[in-house]
Amino acid sequence: MQTPDTLPPSSGVARPADPDTRRAAHETNKLSKRLHRLVGQAITDYAMIEDGDRVMVCLSGGKDSYGLLDILLNLQQRAPIKFSVIAVNLDQKQPGFPAHILPEYLTSRGVEFHIETQDTYSVVKRLIPEGATMCSLCSRLRRGILYRVADELGATKIALGHHRDDFLGTVFLNMFFGGKLKGMPPKLVSDNGRHTVIRPLAYVPETDLERWAEHREFPIIPCTLCGSQENLQRVQIKRMLREWDKQHPGRIDNMHRAFAHVVPSHLMDRALFPFETIRPTGEVNPQGDKAFDEDDGESCATPTVAAGLPAEASISLTALRRSAMESSGT
């Protein structure tokens, strides 16, 4: 659905005179530009799509995969490289699944698509006790089928609709319940070593995808197999992140950015940094202890001239004032 503000000048449609309508159209146009910029940036940063690629977009019927397909189709028209897109849906034979919706939508968009029908629903329901989490088995079954389909369709890339908040949610799930600092990589090689899996929405906030889905009027198909399991740990993590985002705007962005600026020497993984072999070298190391001084958000410039301190006394003026106040008891 195009708003008058997003229509080309040649469309002959006048811009709305109503201020509220114009404001809404302006915000939608900003959202569109931001989404396409973030997806394009992720694709560029991680070399996700190359000239001649055949990209298989895994379409579930949810807002995220719809948004991914929609944005990739738009970028395809103006990208400096040539690549093709094929949408693939796995019909898992869930009771009540409206099998006609996706074919009708994809046909209306003129998109090449393939519907793969496999009754994984019955398998999951048979093997997983009532009330237990189904995601792990369902995900493994789905992944194996999609890898096979990618081979059959000649796809060179498999695109998944995981977004920024999915990445952070996975980080906290692994920290809280797995004892690992691990998220969702934007690009990886599949378990069987035969496919490249990409996540072009890696920079995109979920709230933007929700707004885009509403604007584009995607025919959303809810997942009745696992989407209603409100006790899922992932659901609880999502609530936590949403609450943080409300109370502390910008915190989610900073956390997400942090995982692209990792300092292995200031973590504890011996496989990433040779702690057992480090020795003093006598040379200045910009990644040394000074990295800790920056954590409190205060300026850590060395006050050599103003305070008459030697160059090696790398503490902030604010810290000096605090120390003086504590000494005087004020």
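Everything here concerns the structure above.
### Section: the packing of helix H2 (residues 63-78) against helix H3 (residues 101-109)
Argument step 1. For the pair H2 and H3, the least separation of the axes is 13 Å and the interaxial angle reads 15 degrees. With respect to their mutual orientation, H2 and H3 come out roughly parallel. The crossing of H2 and H3 is right-handed. Across the interface between the two elements, Tyr66, Leu69, Asp70 and Leu73 from H2 touch Ile101, Leu102, Tyr105, Leu106 and Arg109 from H3.

### Re the side chain of Glu206
Argument step 1. Within the secondary structure layout, Glu206 lies in helix H7 (residues 206-216).
Argument step 2. A polar side-chain atom of Glu206 sits 2.9 Å from a polar atom in the side chain of Lys63.
Argument step 3. With near-sequence residues (within four places) excluded, Glu206 lies in contact with Lys63, His163, Asp165, Lys238 and Arg242.

### With respect to the sheet that holds strand E5 (residues 187-189)
Argument step 1. Spatial strand order, E3-E2-E1-E4-E6-E5: 6 strands in an open sheet with mixed pairing. Sheet topology places strand E3 (112-117) and E5 at the edges, where each strand pairs with a single neighbour. Strand-to-strand twist of the sheet, defined as the mean angle between neighbouring strand axes without regard to direction, takes the value 25 degrees.
Argument step 2. As defined by bridge partners, strand E4 (residues 157-159) adjoins strand E6 (residues 196-198) across 3 bridges and the pair is classed as parallel. Residue pairing across strands places Lys157 opposite Thr196, the latter belonging to E6.

### Re the nonpolar core
Argument step 1. Judged by nonpolar contacts, the single largest core of 35 residues is most densely connected at Ile49, Val57, Leu69 and Leu72.
Argument step 2. Elements that contribute at least two residues to this core include exactly helix H1 (19-45), strand E1 (54-58), H2, strand E2 (84-91), H3 and H7.
Argument step 3. Of all the elements, H2 adds the most residues to this core, at 7 residues.
Argument step 4. The contact partners of Val57, leaving out residues within four places of it in the chain, are Ser65, Leu68, Leu69, Leu72, Val85, Ile86, Ala87, Val88 and Ala159.

The rules we used
Residues numbered from 1 in each chain as written. Predicted model: local features only at pLDDT ≥ 70, side-chain atom pairs only at ≥ 80, totals over all residues. Heavy atoms only, no water. Axes fitted to C-alpha atoms, helices over the stretch in contact; angles between N-to-C directions. Helix = DSSP H or I, 4+ residues; strand = E, 2+ residues; numbered from the N terminus. Parallel < 35°, antiparallel > 145°, perpendicular 65-115°, else oblique. Left-handed = near helix turned anticlockwise from the far one by under 90°. Contact = heavy atoms within 4.5 Å. Polar contact = N/O pair within 3.5 Å; in protein donor to acceptor, adjacent residues only side chain to side chain. Pairing = 2+ DSSP bridges. Core = buried A, V, L, I, M, F, W, Y, C linked by side-chain atoms within 4.5 Å. Buried < 20%, exposed > 50% of the residue type's maximum accessible area, 1.4 Å probe, protein only.

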